[in-house]
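Topology and contacts: notes
What follows is the residue order along each chain.
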Amino acid sequence: MHDSYDELPFESKVSRTRHVDRLATVGTLLGVAVSPPHSATVLEIGCSTGGNLIPMALEFPDAHFVGIDLSPAQIAIGRDRVQRLGLRNLDLIAGDISTVELPHEAYDYIVCHGVFSWVPEAVRGAILSVVSRLLTLDGIACISFNCQPGWAIRGIVRRVLLRKDDPKNDVPRRVRQGREVLRNFQEALGHDRFYSLTLQKELERIQSESDSYLFHEFLERENEPFYLTNFVNLCASHELFYLGDARWGRNFYLRKDLLDLSEEALKGHHSWLDCEEYLDDVFNTGFREALLTKHLPRVPTMGSLDRCFMAAQIKRVGEGPLRLDAVEEFVDSRGRPHTASEPLEKIVLMNLAAAWPEAKPFELLKREVQHGMDFFRDERGEIGEALEGYLKTLLLRDIADASLTAPRVVREPKDDLLVSPWVAVQSSESSVVTNGWHDTVEIGDLERRLISGIGDGSSRAELEARLEREVHEGSLVIAEEGIPMSVSPERDENLKILITDGLTTLAQAGLLLPSVSPSQSEPTSQKESFMGKLRRKLLKQHE
Ligand SMILES: C[S@@+](CC[C@H](N)C(=O)[O-])C[C@H]1O[C@@H](n2cnc3c(N)ncnc32)[C@H](O)[C@@H]1O
C-alpha cells in the first residue's frame, strides 16, 4: 500500500495530552486503577518518526514503548534517532495496523493521534479491533479525531482545495497549487461579512502552517469528522468505552457549573454524553482526544487531586506587593488574561507562577497556601475543599496542569547544567524542541548554542570558559542587533550576562533538567530518569 507520508513525512508534534502521564492522571481522577507510567507498556499507532515516543522512552527507562507506522521512510528516520540516542526501550515498526504483528500481548496505554479521521473506514475498524484486543483491563487508550461541529469550517476549506486538486501531480506541486487556491479564496471572500471573518481567520492559520500539515489535513483522500456520540457508538461496538478527553478543558460535563448551565438548560439531554455533545455545539469543538477504557464507565465524577503535582505557566501582570483587596490580573502562556479576586485564588496563582516550570505536590501547595491565608489573616479555616475546587476550575480552563509524575525540570540554572539528549539532537537540526512538559517550544540561536555547549552535561563555569575561549579565538561571534561586539574588557562581562539570560530562558522553557538523582532532590513519584543515570555515570567517569 502506497503511503503519501513516505513522500511528505509528518514531523510528529508533541503535547502534554499525548504523554502517558496525562492519560494516567485523567484516568486516575476518573476512578480507573491505572498502571504507573514509569513501568508501563505503551503502544502508539501511526507514530510517524517517533517524536512522541522518544522523549517518553528517555524519561521512563523501565517502561517499554512500541510505535507502528505504515510509512517505512518515517520509521527509518525514527530508528536512526533511536540508535543515536542508544534507546533500548523503544521499538519502531513499519507496517499496516490492519495486518502487523506486534511484540507484546497487552498494552497499558495505547495512543493513536492524528490517524483515525484520516484513514479509510476499514483501517478505522482495524484500529479499534487492535485497541480492543490489546488494551489491558485497566488500560487507557487515547484516539484523536476531527470533531463536529467545529470541523465544519475546515470542511469548507477542504472542499474548495479538493475542487482544484489533481492527485496525478506530485505532492510539492499539489501543495503549491493549494496555497495559490487559498490565496484566491482569501481575496474573493473579502472581510465584510460575518461568514468571511471566521473563514479568513482559519485561512490565515492554514497559510501559516507547514506544507506537510496543509497536504495531510486538506488534500489527503480521507478525512472524516465525527460527532462525539457517533464516535462513541463506533467504539462501543468494539467494547471500548468513552471516559473523557485528554485535554482538561474538553471534559465539558465537568464544566456544567462553570458554564452556569442550569438543569433547565440541560433538559432533554438524557445522558452526560448528550450534555457533552451539546457543549461541543456551544464551544464549536473541532478536535477531540478521546480516552477509552474496557470498563463501561459510570457518569464520571472527578476524584481528589491529593496525589497530583500541580503546575501553571502563568504570570502576574502588575508589580509590587500582592493586593488582597483588589482584583489581580494574570496572563497565561497563550497570552489569555485571567483575573483573581479571592485571596485564595491570588495566593494559589502567585505560588504556581513562582514554581513554574516545576510542579508542586498538592499537599505542599496546600500547606503553603494555608500559610499565605494565615499570614493575610484570612479566617476561612481549613482550605482543602476551596483549594481543590479552585484548582479544578484552573484545570478545566486549561490554565493549570495536574500530573501523577512531575516532569524533571528546574526553574533556574544551577551550577551543574543538563539538557535531555533528545533536545540536544533536535536543537542541532532545528529551533523546535520538546521540553520537559512534553510540549513543543521554539528557541533562539543563543539558546541552541548553549544547548550544544552543555552537551552531555557541563558545569556553568566550564560552559562560560568554553564560550569565552571561542569568542576570543573568533569562532563564536556575539552580535548585538546584528553588529559583532567589539573586542573590549566589557565583552567578557557581556558574554556572562548573555549566558545567564540564555540559561534562564532555557530553564523557563522547561528545558533544563536537574543533574542530581531524585533521591537526592525533592521526592517525586517517579523513578530516576535516564538523564539522571547518565549524569551520574558521567560524574563517576570524571572522578
Ligand atoms: C497525520 S500523521 C500523524 C502522525 C503522529 N501520530 C502525529 O500526531 O504527529 C498520520 C500517520 O498515520 C500513519 N498511517 C496511515 N495509515 C496507517 C495504517 N494503516 N497503519 C499504520 N499507520 C498508518 C501515516 O503513515 C502517518 O504517519
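1. Considerations on the packing of aromatic side chains
This structure, assessed with the given rule, holds six aromatic pairs. Residues Phe145 and Phe231 carry aromatic rings whose centres are separated by 4.1 Å and whose planes lie at 20° to one another, so their mutual orientation is stacked. Taken together, the residues Phe145 in strand E5 (residues 135-146) and Phe231 in helix H10 (residues 228-236) connect sequence positions 86 residues apart. Accessibility classification places Phe145 together with Phe231 in one group, the buried group. On the basis of an interplanar angle of 80° and a centroid distance of 6.0 Å, the ring pair of Tyr213 and Phe218 is categorised as edge-to-face. Chaining the aromatic ring pairs together yields one cluster made of Phe116, Phe145, Phe226 and Phe231.

2. Considerations on the pairing of strand E10 (residues 328-332)
Side chains of E10 alternate between two faces, with Glu328, Phe330 and Asp332 buried and Glu329 and Val331 left unburied. Pairing between strand E9 (residues 314-316) and E10: three bridges, direction antiparallel. Residue pairing in the sheet places Lys315 in a bridge with Val331 of E10.

3. Topic: the environment of Phe241
You can see Phe241 is positioned in strand E6 (residues 241-245). In this structure, the C-alpha to C-alpha distance between Phe241 and Ile140, residues 101 residues apart in sequence, is 10.0 Å.

4. Some words on the pattern of salt bridges
Following the criterion strictly, the structure yields 27 salt bridges and no others. With its nearest N and O atoms 3.2 Å apart, the salt bridge here joins Arg250 to Asp245. A single burial state applies to Arg250 and to Asp245, both of which are buried. Note that Glu388 is salt-bridged to Lys392, the shortest N-O span being 3.4 Å. Here the residue Glu388 and the residue Lys392 both occupy positions in helix H14 (residues 384-396), the gap between them amounting to four residues, near one helical turn. Take Lys392: its relative accessible area is 18%, and that puts it in the buried class. What emerges from the salt-bridge pattern is a single network uniting Asp245, Arg250, Glu276, Asp280, Arg288 and Glu289.

5. Examining the packing of helix H12 (residues 343-355) against H14
Contact geometry for H12 and H14: axes closest at 11 Å, N-to-C directions at 60°. Taken together, H12 and H14 sit at an angle that is classed as oblique. Read as a crossing pair, H12 and H14 show a hand that is right-handed. Taking contact as the criterion, the partners of Leu344, Glu345, Val348, Leu349 and Leu352 in H12 are, on H14, Ala386, Leu387, Tyr390, Leu391 and Leu394. Tallied by class, the residues present in the contact of H12 with H14 amount to nine nonpolar, no polar and one charged.

6. As for the sheet that holds strand E4 (residues 107-112)
Taken in spatial order, the seven strands line up as E3-E2-E1-E4-E5-E7-E6 in an open sheet, and their pairing is mixed. Two strands lie at the open edges of the sheet, namely strand E3 (90-94) and E6, each paired on one side alone. Taken over all neighbouring pairs, the strand axes of this sheet differ in orientation by 20° on average, direction set aside. As paired elements, strand E1 (residues 41-45) and strand E2 (residues 64-69) share five bridges and run parallel to each other. Bridge pairing in E2 links Glu44 to Gly67. With respect to the sheet, helix H5 (residues 121-134) is in contact with E1, E4 and E5, its orientation differing from that of E5 by roughly 160°. Packed onto the sheet, helix H11 (residues 272-283) meets E6 and strand E7 (287-293) and runs at close to 45° relative to E6.

7. Here we look at the environment of Lys201
Positionally, Lys201 belongs in helix H8 (residues 194-208). For Lys201, a relative accessible area of 63% corresponds to the exposed category.

8. Let's talk about the pairing of strand E13 (residues 400-403)
Judged by which residues are buried, E13 turns out to be covered on both faces: Ala400 and Ala402 on one side and Asp401 and Ser403 on the other are all buried. Sheet topology note: the strand E8 (residues 309-312)/E13 ladder contains four bridges and is antiparallel. Across the sheet, residue Phe309 finds its bridge partner in E13, namely Ser403.

9. A short note on the side chain of Ser420
Take Ser420: it is sitting in the loop between strand E14 (416-417) and helix H15 (421-429). At 3.0 Å, the side chain of Ser420 forms a polar contact with the backbone nitrogen of Trp422.

10. Quick notes on the sheet that holds E10
If you trace the three strands from one edge of the open sheet to the other, you get E9-E10-E11, paired in antiparallel fashion. Both edges of this open sheet fall to E9 and strand E11 (337-340), since each of them pairs with a single strand only. Taken pair by pair, the neighbouring strands of this sheet meet at an average axis angle of 35°, ignoring direction. The sheet contact formed by E10 and E11 spans four bridges and is antiparallel.

11. Here's the deal with unusual backbone geometry
The step from Gln148 to Pro149 runs through a cis peptide bond, and the omega angle for that step is 10°. Take Pro149: it is sitting in the loop between E5 and helix H6 (152-164). A cis amide bond links Trp356 with the next residue in sequence, Pro357, at an omega value of 5°. Mapped onto the elements of the fold, Pro357 is located in the loop between H12 and strand E12 (360-361). Positive phi is not limited to glycine here, since Ser48 has a value of about 45°. Relative to the elements of secondary structure, Ser48 occurs in the loop between E1 and helix H3 (53-59). Here Ser48 falls in the buried class, since its relative accessible area comes to 5%. The phi dihedral of Asp398 falls on the positive side, at around 60°, and the residue is not glycine. Within the fold, Asp398 resides in the loop between H14 and E13.

12. Side note on the packing of H6 against H8
At a minimum axis distance of 10 Å, the contact between H6 and H8 shows a crossing angle of 70°. Here H6 is positioned roughly perpendicular relative to H8, judged by the angle of their axes. On H8, the residues touching Ile153, Arg154, Ile156 and Val157 of H6 are Tyr195, Thr198, Leu199, Glu202, Leu203, Arg205 and Ile206. Classifying every residue of the contact of H6 with H8 gives seven nonpolar, one polar and three charged.

13. Regarding helix H9 (residues 211-219)
With eight of nine residues buried, H9 lies mostly within the body of the structure. Among the residues making up H9, those that are buried are Ser212, Tyr213, Leu214, Phe215, His216, Glu217, Phe218 and Leu219.

Conventions and cut-offs
Residues numbered from 1 in each chain as written. Predicted model: local features only at pLDDT ≥ 70, side-chain atom pairs only at ≥ 80, totals over all residues. Heavy atoms only, no water. Phe/Tyr/Trp six-rings, centres within 6.5 Å; stacked < 30°, edge-to-face > 60°. Helix = DSSP H or I, 4+ residues; strand = E, 2+ residues; numbered from the N terminus. Buried < 20%, exposed > 50% of the residue type's maximum accessible area, 1.4 Å probe, protein only. Pairing = 2+ DSSP bridges. Salt bridge = Lys/Arg side-chain N within 4 Å of Asp/Glu carboxyl O. Axes fitted to C-alpha atoms, helices over the stretch in contact; angles between N-to-C directions. Parallel < 35°, antiparallel > 145°, perpendicular 65-115°, else oblique. Left-handed = near helix turned anticlockwise from the far one by under 90°. Contact = heavy atoms within 4.5 Å. Nonpolar A, V, L, I, M, F, W, Y, C, P; charged D, E, K, R; others polar. Polar contact = N/O pair within 3.5 Å; in protein donor to acceptor, adjacent residues only side chain to side chain.

Interpretation in functional terms is not warranted from these geometric data alone.
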